[in-house]
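# Structural features, examined
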Amino acid sequence: MKALNRPWAWSFLAAGLVWLATIWVTKGAASGGLTEAALTFAAFSVLVGIGQMFVITLGPGNIDLSVPATMTLAGTLALKLMDGAEGMVIPGLLATLGVGIAVGLANYALIKALRIPPIIATLSMSFIIQSIAIWSNRGIRIKPPESLASFTTSSTLTVPNVALVALAVSIAAWVLLNRSVYGRQVAAIGQSLPAARMAGVPVDGVRLATYVLCATLAALAGFLLSCFSGGAALNMGNEYLLMSIAVVVIGGSAVAGGDSNVPGIWGAGLFMFLIVSMLNTYQFQAGYRLILTGLIIIAVILLASGRKGGRP
Amino acid sequence: MTPDRLRLLVPVMALVALLAGVFWMQPRAASYTGLNLLLNLAVPIALATIAQMLIMAVNDLDLSMGAFVSFVACVTATFLNDTPALGLLILAAAIAVYAGLGVIIHLRNLPSIVVTLGMSFVWTGLAVLILPAPGGSSPEWLRTLMTVKPPLAPMAIFASVLIAIVAHLIVMRSTLGVRIRALGGNERTVARSGTSIIATRAAAYALAAFFAVLAGMALVGLATSADANIALRYTLLSIAGVILGGGEFIGGRVSPIGAVIGALTLTLAGSFLSFLRISPDWQIGAQGAILILVLALRLLFNRLEARR
C-alpha cells in the first residue's frame, strides 16, 4: 500500500481500472487498439498538461488559458508555411516553436507590465491569438507533408510515435522539475513568492521562462495534432483547455502550486481518454456519458485528496 | 473619494466611453429601442456575473457557470413551462446541490476549479438529456417580464440597476454578505469569531446558484427557447466581468455594482465592434484588446490611489 502514498498513484490506478472495465466488456477483442489509441491521445494531453503543470506550480492564480488558441495558431501557421512540402519540415517546426515563444512572451508581458491576473491576461491574449489564427486560416485545409503525417500516425515497436515524443518531453520535464535549479525555483515560487524573492530567486525570469515553456509545449502539441489529423482546424484546441487543467490536478499536483509531479499526468491523460472510450463501449447516451465523466472526475479528486490538510 | 469609489471609476468610465462610441457611430442606437436591443442580453450576463462574484468572494472559482446557466435554461424552457411545480422543485434541488458542493469543497479541502470543472460535465449532461436538440419554449409570464416596456428607459436598464442594488444590499450590507467577504479575507478570523465557516461557504454557493438560476431564466425569457450549449460563454464572460468591475480573485474584495457594470461593458464591447465594421476575423481579438485596455486603465488608477 506504500505506493498509494505517491500522489500520482491514484491516476494510474483509476486508468488501469477503467482499462480493465472496458476490456472486460469487449472480451479482450480490442485491447491492442484501445491501448494504442489511449497512448496516442494521452500523448497530446500530456504535452499540454506538462506545460500547464509548470504554470500551475508557480502558485495560486497562475494558469494559462491561451493553450487552445496557441495550439490552433501553431498548427495553422506551420502547415501553411510547409504547404505539404517535405523540405519545409524543419522551418515548420521552427515556426511552431516561434509561435510558442512569442505567445509566452506576450502573456508574461501582460501579466508583468499591466499586473493583470494571469487568468485574465492569458484569456485576453487567447482572444487575440484566436483572431490571428482565424485570419490566417481562412477555412483552407492544407495537408501536412507526407513524412510528418505518417510519422504522427504510425508506431515504433508498437508504441505510437507521438507517445514516444511525449515520453521524451516528460522525462526532460521530470529532470527539469526535480533536478534542475530552474525546477526547484519554480516550486519555491509556488510555495511562497515572498520567501523565494527573499532567497534571491530571480522571480520574474523564472515566471517568464515558465509561461514561455507552457506556450511552446502547447504549440508543439498543436503542430503534432494537426499533422496527426491531416490538417489544422480552428476548433482543434478547444477540448484541451479543460483537459490541460484536469490532467494536472487528477495527476496529483497541488492546485495551489508548489508541489507537482510528472508521472501523474500520464496516468491522468490515459484515464481521461479511457473514461470516454469506456462509456462509448457501454453505449451510453451522450447525456449520461457526460454526467458519468463529471462524477468520475469528482470521485477521483475526492479519493486522491485528503492527504494534506490546511487550506492555502 | 474612498478607495472603493475610486475602484468603480474605471469600469464606469469604460462603460461611458463605449456608450459614447456606439452613439457616435450609430446615432439611432441612442433611442429607447436601440438601447433595449443593445443591452437586453446584458441582463442574464449581469446575473451570472453576480453569481460568479459570490463564488470569487470566498476565494473559489466556478468553471461550471456557463454549463449551469445552460442547464437552468433547459429546465426553464421545458419543465418550468409545462409543469411549473416540478420545474421549481428541480431548480431548488439544483441550488441545494450547489450548497452541497460548497460543503464538500470545504470539508475535503478540494480545489474548487476541479470540482466545478467536473460539475460542468454533469450540468451539460443533464441539459443534453432534457433537450437533446434546441427547443422548448419560454413560460408566458417570463416572456412578458423580459419584454416589458417601462416608461422613460428600457427594461434592461431598470433590470441592471435593480440587480446592482439588490446584490449590493446582500453582499455589502447584510450580515451574511459581510461574513462571505470575511471568509474570503481571512478564514481563521471568521472561525474565531464564532461563525460557522462551513455554513457561510454553503450559503455563498447557494446564493450564487440562486443568481445563476435567475440568469438562466432571464436568458430563456429573452431567447424564447433553450439549448444545452446556450450559455457556455458565460463562464469566461462572468469571470472577466467580475475582474473588469474591480473584483479580485482572492481576499474577498468584490464589488456588486462594479460586476454589473463590467457585464454591461462586455456586452456593449461586442456591439461596438460590429458598429466599427471590423472584419469578423478580428472581432474576438478586438474584444481581447478592449479587455486589456480597461485593465491597463485600472492599473493607472491603482497607481494614483497608491500615491495619495
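Our structure's up above, just so we're on the same page.
Here is a short report on the structure shown in this document. Everything quoted here is computed from the prediction, not taken from an experiment.

Attention shifts here to the overall build of chain A. The secondary structure content of chain A amounts to 13 helices and 2 strands. For a compact globule of 312 residues, the expected C-alpha radius of gyration is about 20 Å, and chain A comes in at 19 Å, within 12% of that figure. Structurally, chain A occupies a C-alpha span of about 60 × 55 × 35 Å along its principal axes. For chain A, with 312 residues in total, the buried portion stands at 53%. In chain A, the proportion of contacts linking residues at least 24 apart, taken out of those at least 6 apart, comes to 79%. A total of about 12900 Å² of accessible surface is found on chain A, and carbon and sulfur atoms cover 69% of it. Averaging the locations of the 17 positively and 8 negatively charged side chains of chain A gives two centres separated by 14 Å.

As a further point, take helix H4 (residues 65-77) of chain B. Over its 13 residues, H4 of chain B runs 18 Å from end to end, which matches the ideal 18 Å to within 8%, given 1.5 Å per residue. Most of H4 of chain B is tucked away, with 13 of its 13 residues classed as buried.

By size, the foremost hydrophobic cluster in this structure holds 209 residues, and its most contacted members are Ile50, Ile120, Ile250 and Phe271 of chain A together with Val43, Phe68 and Val69 of chain B. Per-element accounting of this core gives the leading share, 15 residues, to helix H12 (residues 197-223) of chain B. Aside from chain neighbours lying at most four places away, what touches phenylalanine 271 of chain A is Ser11, Ala14, Ala15, Val18, Ile250, Ile296 and Val300 of chain A.

Another point: the packing of aromatic side chains. Aromatic ring pairs are described here by two measures, namely the spacing of the ring centres and the angle between the planes. Counting across every chain of the model gives 13 aromatic pairs over all chains. On the numbers, 6.2 Å between centres and 25 degrees between planes, the contact of phenylalanine 54 of chain A with tyrosine 182 of chain A is stacked. Separated by 128 residues along the polypeptide, phenylalanine 54 of chain A in helix H2 (residues 31-57) and tyrosine 182 of chain A in helix H8 (residues 181-191) bring together distant segments of the chain. Ring centres 6.0 Å apart and planes at 75 degrees place the aromatic pair phenylalanine 210 of chain B and phenylalanine 211 of chain B in the edge-to-face group. Owing to a relative accessible area of 40%, phenylalanine 210 of chain B belongs among the partly exposed residues under this scheme. Through pairs of rings, three or more aromatic residues link up here, namely Phe68, Phe71, Tyr98, Trp123 and Tyr205 of chain B.

Moving on, we come to helix H9 (residues 155-173) of chain B. Residues and elements named next belong to chain B. Taking 1.5 Å of rise per residue, 19 residues should cover 27 Å, and H9 covers 26 Å from first to last C-alpha, within 8% of that figure. If you check which residues of H9 are buried, you get Met155, Ala156, Ala159, Ser160, Ile163, Ala164, Ala167, Val171 and Met172. Residues of H9 that are buried make contact with helix H2 (32-39), helix H3 (42-57), helix H8 (140-146), helix H10 (175-185) and helix H14 (256-275).

Every contact between the two is made by 43 residues of chain B and, on the other side, 43 residues of chain A. For the pair chain B and chain A, the summed buried area comes to about 3800 Å², and 78% of that belongs to carbon and sulfur atoms. Where chain B touches chain A, the interface holds 2 residue pairs in polar contact (both at pLDDT 80 or more). Those elements that provide at least two residues to the side of chain B that touches chain A are helix H6 (84-107), helix H7 (112-130), helix H13 (234-244) and helix H15 (280-307) of chain B. A total of 14 residues in the side of chain B that touches chain A trace back to one element, the largest contributor, which is H15 of chain B. Its residues placed into classes, the side of chain B that touches chain A shows 28 nonpolar, 9 polar and 6 charged.

Moving on, we get to the pattern of salt bridges. Per the stated rule, a full pass over the model turns up 3 salt bridges over all chains. Of the charged contacts, one joins aspartate 204 of chain A and lysine 112 of chain A as a salt bridge, the two residues approaching to 3.4 Å between their closest N and O atoms. Taken together, the positions of aspartate 204 of chain A in helix H10 (residues 203-228) and lysine 112 of chain A in helix H4 (residues 89-113) put the pair 92 residues apart, joining distant regions of the chain. On the accessibility criterion, aspartate 204 of chain A (32% relative accessible area) is partly exposed. Assessed through its relative accessible area of 43%, lysine 112 of chain A is described here as partly exposed. With its nearest N and O atoms 3.3 Å apart, the salt bridge here joins glutamate 187 of chain B to arginine 201 of chain B. Of this pair, glutamate 187 of chain B sits in helix H11 (residues 187-192) while arginine 201 of chain B sits in helix H12; the two residues are 14 residues apart in sequence, bridging distant segments of the chain. Through salt bridges with shared partners, a single network forms among Asp60, Glu187 and Arg201 of chain B.

The rules behind each value
Counting starts from 1 at the beginning of each chain's written sequence and moves along it residue by residue. Lettering of chains starts at A and numbering of ligands starts at 1, both following the order in which they are written. Note on the predicted model: pLDDT of at least 70 is required for a residue's local features to be given, and 80 or more for side-chain atom pairs to be given and counted; whole-chain, interface and lining totals, by contrast, use all residues. Side-chain calculation: all heavy atoms of the structure are included, whereas hydrogens and water are not. Here a helix means four or more residues in a row that DSSP labels H or I, a strand means two or more in a row labelled E, and each is numbered from the N terminus. Based on C-alpha atoms, the radius of gyration is set beside the globule rule, defined as 2.2 Å times the residue count to the power 0.38. The rule is simple: take the accessible area with a 1.4 Å probe, protein chains only, and divide by the maximum for that residue type; under 20% is buried, over 50% is exposed, in between is partly exposed. Should any heavy atoms of two residues lie within 4.5 Å, those residues are counted as being in contact. All accessibility values rest on the Shrake-Rupley procedure with a 1.4 Å probe; residue burial counts only the protein chains present in the view. Under the counting rule used here, the positive set is Lys and Arg, the negative set is Asp and Glu, and His together with the chain ends is not counted. Charged side chains are reduced to one point each, which is NZ for Lys, CZ for Arg, CG for Asp and CD for Glu. Residue count minus one, scaled by 1.5 Å, sets the expected span of a helix. For this analysis, a nonpolar core means a set of buried residues of the types Ala, Val, Leu, Ile, Met, Phe, Trp, Tyr and Cys, connected via side-chain atoms within 4.5 Å. Two rings belonging to Phe, Tyr or Trp (six-membered ring only in the last case) form a pair when the distance between their centres is within 6.5 Å. Interplanar angles under 30 degrees mark stacking, angles over 60 mark edge-to-face geometry, and anything in between is tilted. The term buried area refers to how much accessible surface (probe radius 1.4 Å) is lost by two components on association, counted for both of them together. In the analysis that follows, any N or O atom pair within 3.5 Å is treated as a polar contact, provided that within protein one partner can donate a hydrogen and the other can accept it, and provided that, for residues neighboring in sequence, both atoms belong to side chains. Any residue outside Ala, Val, Leu, Ile, Met, Phe, Trp, Tyr, Cys, Pro, Asp, Glu, Lys and Arg is labelled polar, Gly included; the first ten of those are nonpolar and the last four are charged. Every case where a carboxyl oxygen of Asp or Glu lies within 4 Å of a side-chain nitrogen of Lys or Arg is listed as a salt bridge.

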